[in-house]
Amino acid sequence: MFIINLTYIKSLDEVDTHLEAHVKYLKEQYKEGNFIASGRKIPRDGGVILSKLDSKEKLQEVLAKDPFKLANVANYEIIEFVPSMTSDEYENLKENS
């Protein structure tokens, strides 16, 4: 599983000019099964995406298509982790090992 931590490197005005395209991109990635959760950070200096893709390389390919990435308005930090414990309603996120 991956946590993608986006940090804006441009003004919110510039970020907002790409927001509609970014939301469309996110919806496409949900439809493809690439993302499982996303949202803005508070304070609004970026966002977070959760992905259960099976490789960092595949994730990087997917993220390369994000309009925020294409417009260079955000930096992306990718954190990989293995969920070993969850609440009952998120059992499906645990890795089988």
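Located above this text is the structure these notes cover.
What this report covers is the structure whose coordinates are included nearby. Quick caveat, the model's predicted, so the values are computed rather than measured. (Residues numbered from 1 in each chain as written. Predicted model: local features only at pLDDT ≥ 70, side-chain atom pairs only at ≥ 80, totals over all residues. Heavy atoms only, no water.)

**Regarding the packing of aromatic side chains**
Note the threshold: Each aromatic pair joins two rings of Phe, Tyr and Trp (for Trp, the six-membered one) with centres within 6.5 Å, and gets the label stacked for planes under 30 degrees apart, edge-to-face for over 60, and tilted for any other angle. Only DSSP runs of H or I with at least four residues qualify as helices, and only runs of E with at least two residues qualify as strands; both kinds are numbered from the N terminus onward. Between buried and exposed lies partly exposed: a residue is buried under 20% and exposed over 50% of the maximum accessible area for its type, with that area taken using a 1.4 Å probe on protein chains only.
For the coordinates displayed, the defined rule picks out three aromatic pairs. Between Y8 and F68, the ring centres sit 5.8 Å apart and the planes meet at 85°, which makes this aromatic pair edge-to-face. Of this pair, Y8 sits in strand β1 (residues 2-8) while F68 is found in helix α4 (residues 67-70), placing the two residues 60 residues apart along the sequence. In this structure, Y8 and F68 share a single accessibility class: buried. Between Y30 and F35, the ring centres sit 6.4 Å apart and the planes meet at 85°, which makes this aromatic pair edge-to-face. Here the aromatic cluster, defined as three or more aromatic residues joined through ring pairs, consists of Y25, Y30 and F35.

**Examining the nonpolar core**
Definition in use: In this description, a nonpolar core means a group of buried Ala, Val, Leu, Ile, Met, Phe, Trp, Tyr and Cys residues linked to one another through side-chain atoms lying within 4.5 Å. Here a residue-residue contact requires only that any non-hydrogen atoms of the pair lie within 4.5 Å.
I4, L6, F35, L59, L63, F68 and Y76 are the most contacted members of the largest nonpolar core, which totals 17 residues. If you list the elements that add at least two residues to this core, you get β1, α2 (19-32), α3 (56-63) and β4 (74-80). Each residue touching Y76, except ones within four places of it in the same chain, is listed here: I4, N5, L6, L63, D66, F68 and K69.

**As for α3**
Quick note on the threshold: Of all possible arcs, the one meant is that of the directions from the helix axis to the C-beta atoms.
Within α3 the residues assigned to the buried category are L59, V62 and L63. Across the axial projection of α3, the buried residues extend over an arc of 95°, all falling on one side. Close packing links the buried residues of α3 with β1, α2, β2 (35-40), β3 (46-51), α4 and β4.

**Here's the deal with the pattern of salt bridges**
Opposite charge on two side chains lets them pair, provided their charged atoms get close. Spelled out, the test is: Salt bridge criterion: a side-chain nitrogen from Lys or Arg within 4 Å of a carboxyl oxygen from Asp or Glu.
Overall, the coordinates contain two salt bridges when judged by the stated rule. Taking the shortest distance from any N to any O, the salt bridge between R44 and D16 comes out at 2.5 Å. Here R44, found in the loop between β2 and β3, pairs with D16, found in helix α1 (residues 12-17); they are 28 residues apart in sequence, far enough to count as distant. Relative accessible area serves as the criterion here: at 24%, R44 is assigned to the partly exposed category. Of the residues examined, D16 reaches a relative accessible area of 36% and is grouped as partly exposed. As a salt-bridge pair, D45 and K41 come within 3.8 Å of each other at their nearest N and O atoms. Classification of K41 as buried rests on a relative accessible area of 18%.

**Looking at the layout of surface pockets**
Quick reminder of the rule: Only protein atoms enter the 1 Å grid used here. Points where a 1.4 Å probe fits but cannot escape make up a cavity, open sets with protein on both sides within 12 Å along at least five of seven lines make up a pocket, and a residue lines them when an atom lies within 4 Å of a point. Grid points are joined across faces, edges and corners, and a volume is the space filled by probe spheres set on the points. Residue type decides the class: Asp, Glu, Lys and Arg count as charged, Ala, Val, Leu, Ile, Met, Phe, Trp, Tyr, Cys and Pro as nonpolar, and the leftover types, Gly among them, as polar.
Considered as a void within the structure, the largest pocket measures approximately 210 Å³ in volume. In terms of lining, the largest pocket is formed by 15 residues, of which the most central are Y8, H22, L26, G39 and R40. When contributions to the lining of the largest pocket are tallied by element, the ones reaching two or more residues are β1, α2, β2 and β3. Among the residues making up the lining of the largest pocket, the classes are represented as eight nonpolar, five polar and two charged.

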